[in-house]
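# Analysis of the macromolecular model
The residues making up each chain are set out below.
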Amino acid sequence: MKSSAPIQSWKYHVSILTTAILVIVVGGLIRNLIIKKTEHAETSVLQALQTEVQQLKTSLKRNDLEAISDIVALAAKKAAPAVVSITPANSLALPRPVTTFNDYRIDKRQQSDNGETLLPGVSGLLLNASGEILTTSALAASGKEFQILFADGTKHAAQLIGVNATEHLALLRVQQTDKLPAPPESAATTPIEAGAWLIRLGRSPSGRQSVALGWLEAIRRDAVGRETYFLDAEFTPELDGSPTINLDGQAVGLNVFRSDLGKGVMIPLPHALTVAQAIRTDAQAAPQSWAGVELQDLNDEIKRALSVSQGVLITQVLANSPALRADLRPLDVVIKAEEKTIQSARELTELIHRSPVSTKLRWTIVRAGVTRDITVETAFFDGVNITVTPSQTFGIEFAREASANGLAITSVQPGSAGQRFGLQAGDLLQAINGTAIRSLNDWQRQQRALSPETPQLWLIRRDEQSFVLAVKAGGKAS
Amino acid sequence: MSNVLLVGLILVLALVGGHLVQYLRVPEVVGYFFIGLFLGPSFSEILTHEAVSAMEVFSEIALGLILFSIGAIFEFENLKKVGKRTLYLTLYVMSGTIVTVFLTLLLLGNNWQVSLLLGVIATEISPIATILVLRELNSEGPLTETVYNILALNNVGCLVVFGVATFLIRLVGGGEADTSLFVFAGKEIFFLLWGIVGSVAFGIIIGYVLAVWGKRIEEHGEVLILVLGMILVVVGATHWLGLSPLIATMAMGATLINLAKESQHLFDALGKTDPPLYAIFFVLAGAHLQLSSLLVIGISGIGYTVARVVGKAVGSYFGAKRLDYPDSVRKYLGFTLVPHAGVAIGLALQLRSIFPNYAEVISAIILGSVLINEVVGPVITRIAIGRAGEMREEAETPSFEAI
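Quick look at the structure, then.

## A few points about the pattern of salt bridges
Residue and element names in this part refer to chain A.
- Using the criterion set out here, one finds ten salt bridges over all chains in the structure.
- Of the charged contacts in the structure, one is a salt bridge between E132 and R173, with a shortest N-O distance of 3.2 Å. In this pair, E132 sits in strand β5 (residues 132–136) while R173 sits in strand β8 (residues 169–174), placing the two residues 41 residues apart along the sequence.
- Between K340 and E347 there is a salt bridge; the shortest N-O distance is 3.9 Å.
- Look at K340 and you get partly exposed, because its relative accessible area is 47%.

Here you go:
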């Protein structure tokens, strides 16, 4: 472009330009400021929002917790009418079983609200309008007459109908069946799965409700196919015999204390009801046959190792049992029973149970590659044989917690076998006959495996010293 | 398909399309537009949405160029002659449009915010479409002159009233909870002023730079490089600064024409080189729109389209009468102002971020209406120019004149 004479003076141009530049600069600065401020405001709004969300979350969680207690309270309320407290009618009888943790039922007596001395008791579940109550078999040792306390405070007398000790259940019946509260809806049909939240609902002799919330940890099936449900809910003494309810207030099982396991477990209600039915239909429960073996199904490796093609492995021979008398030993494989080949543990168990008491069963076993025939005469099983408790046999109590160092003895009854042989409270039992003892289970297993007549060598640790005591079971305590 | 191939296709097909429609006595831009429709997602989908978005830069450049050219209107001599009258006429046209559209939409059941926004957007007249038609028709005469003059002022006015309208609506809607009304109003006013005054100031500065620098460059081609480059710089920079590229480029053009009178031929030269850009612009505009948008505009959309034309016609009629414009202007001005496109779409898109709840409705109406207007508008313009007797035979433009 060729230059042309400017029409206006350069002062004019400069002033225009300067104004324009000023506008841009100042305006830009102000704009920047405003934008920064809005951004700042936005971030602080954002932060405020975030804090609020956090608080909401926390309060929600808190509400969740409160909701949980509401749900539990509601479920307990629904089921409460059918949960009873059972105490022996005879005030002098002390109830068994003994739990291995400090059982204040033995030592203490509870006071009710109006000062009456109460007897320690267990809980129970009212089954139906006929007044039948399902509870733990432990109270069978307390006689046959009991007093039932209901949620509304009413008391009824009840009698023991029967006991199934293997199943740890007992059935009572209330005499006067009028004016009984309604039994809870049973949830017998819906299967419970591990992880489900459940509530142990019991009643103490004072009428107070015992509520323990937990979840189903595991379901164990034993060789006979019986299921044991392990809840991680607390198991206090009065919860023995109490029902387990789900969050809807429906009873799903019965809690019993298994001294062989040293903990409380839950028996699923369908099974418990079947047992109740069995108890009911033969009030004089037909004696059940028993052989005294613990069985295990064979897998391919065991078959190869023992050179058998089918059968059932005996893992334990219990004390005082027909099997012991027939000289059966652990690791024997039962391949035939009564001319029939045995394929599974269940088969053999059913065979034993079906046979009347005192039947001579012919078994064929394989031991160390050698086949031989054995005769096992079934005996009557009253369930007590299996359960060996320290206080029964030796008059001692062990600590509840197992430890790697051994089983601690918490008390020794005066005049008991244990005291006679020199056991003291505070002793640590580390081994029996060379086998390390780390838990009550270990102890039980040893006791079952050994004959009660033979002395056992107990390795004791006391006051930093280890020594061996030869003890002998003093027989059952009552 | 590579983008390069696409652009080439666009150009070639646009030419074909443009020529085809000429047989129907329809301005070329409509042909470009149809090609765009055809290439776009509505039909052959050769131009995908992504491709269209990627080529948006062309549209921006095109808009910047056209507004730069329009800025030439603000030459002081010209302004002195026709400035006042043009201003008043523009006001007439604009108010006519706003009022008619606002009332119509309100009657059709829309809320006042939407009706106001649409009324304001309706004032927009597509500068490119209009100018291209006029160029094609090689028109001369009072009507043509008036159209050129009005275009500049009208589009500035459109942006201003748009800003004011959004400001008003935000004011009434209230600001953030923690700021007082004063502060909020203050902020809004600032942004409004910044958008307008700031853009002008920026345009002036760059215009000065252009003028000074341009004087030193002898070669014609280099001047073009400078101008084009500056325009692009302005368009880009304004986005970053929150200014209006349209106003800034217009101010730039205005500054240049006033600082260096001989730059008029520069504008002419630009006019010779920018057709490809405009062709691309229109094809893209067509590809941007979808035929389906016609279906959703509904009664409000039709009302809007009609009301807009009516508003312009009425406004220009009364304005021309009042201001003693020649008959041709009075009768036909409104109809030359029908084309409606780029800036309107841009404003509608802006609304998406400002008033998201209204943006849907408004976008739907605008897009559908633009579709109609871009097809119908140029035709009407041509008819109007023809009736006004200002059409000249198309002069032979040498096709390969050395730039």
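## Here's the deal with the packing of helix α2 (residues 28–39) of chain B against helix α18 (residues 356–387) of chain B
All names here are of chain B.
- Two elements in contact, α2 and α18, have axes whose closest approach is 9 Å; the angle formed by their N-to-C orientations is 155°. Of the possible angle classes, the one that applies to α2 and α18 is roughly antiparallel. α2 and α18 meet at a crossing whose hand is left-handed. Here V29, V30, F33, F34 and L37 of α2 come into contact with α18, specifically with L371, E374, V375, P378 and V379.
- Classifying every residue of the contact of α2 with α18 gives nine nonpolar, no polar and one charged.

## A few points about the side chain of D274(B)
Residues and elements named next belong to chain B.
- With respect to the secondary-structure elements, D274 resides in the loop between α12 (264–273) and α13 (275–288).
- A distance of 3.0 Å separates a polar atom in the side chain of D274 from a polar atom in the side chain of Y278.
- The residues contacting D274, other than those within four sequence positions of it, are L65 and R135.

## Some words on the packing of aromatic side chains
Residue and element names in this part refer to chain A.
- The full count for this structure, using the stated rule, is eight aromatic pairs over all chains.
- Between F398 and W443 the ring centres are 5.4 Å apart and the planes differ by 65°, which places this aromatic pair in the edge-to-face class. One end of the pair, F398, is in strand β23 (residues 396–398); the other, W443, is in helix α9 (residues 440–449), and 45 residues separate them in sequence. In this pair, the class of F398 matches that of W443, namely buried.
- A connected cluster of aromatic rings, assembled from ring pairs, spans F394, F398, W443 and W458.

## With respect to the sheet that holds β8(A)
Residues and elements named next belong to chain A.
- Strand order around the closed barrel formed by six strands is β1-β4-β5-β8-β7-β6, with antiparallel pairing between neighbours. The mean angle between the axes of side-by-side strands here comes to 40°, regardless of whether they run parallel or antiparallel.
- The sheet strands contacting helix α3 (residues 269–281) are β4 (122–126), β5, β7 (155–164) and β8, and the helix crosses β8 at an angle near 65°.

## Things to note about the interface of chain A and chain B
- Between chain A and chain B, the residue contacts involve 19 residues of the former and 24 residues of the latter.
- Between chain A and chain B, the buried area comes to about 2000 Å², and carbon and sulfur atoms account for 73% of it.
- For the pair chain A and chain B, the interface holds zero salt bridges.
- Taken together, the connections running from chain A to chain B amount to two residue pairs in polar contact (both at pLDDT 80 or more).
- Looking at the side of chain A that touches chain B residue by residue, the classes come out as eleven nonpolar, six polar and two charged.

## Details of the side chain of T130(B)
Residues and elements named next belong to chain B.
- Considering the arrangement of structural elements, one finds T130 in helix α7 (residues 127–137).
- Judged by relative accessible area, which is 0%, T130 ranks as buried.
- Excluding residues that lie within four positions of it along the chain, T130 makes contacts with I125, V147, L151, T336 and P339.

What counts and what doesn't
Residues numbered from 1 in each chain as written. Chains lettered and ligands numbered in written order. Predicted model: local features only at pLDDT ≥ 70, side-chain atom pairs only at ≥ 80, totals over all residues. Heavy atoms only, no water. Salt bridge = Lys/Arg side-chain N within 4 Å of Asp/Glu carboxyl O. Helix = DSSP H or I, 4+ residues; strand = E, 2+ residues; numbered from the N terminus. Buried < 20%, exposed > 50% of the residue type's maximum accessible area, 1.4 Å probe, protein only. Axes fitted to C-alpha atoms, helices over the stretch in contact; angles between N-to-C directions. Parallel < 35°, antiparallel > 145°, perpendicular 65-115°, else oblique. Left-handed = near helix turned anticlockwise from the far one by under 90°. Contact = heavy atoms within 4.5 Å. Nonpolar A, V, L, I, M, F, W, Y, C, P; charged D, E, K, R; others polar. Polar contact = N/O pair within 3.5 Å; in protein donor to acceptor, adjacent residues only side chain to side chain. Phe/Tyr/Trp six-rings, centres within 6.5 Å; stacked < 30°, edge-to-face > 60°. Pairing = 2+ DSSP bridges. Buried area = accessible area lost by both parts, 1.4 Å probe.

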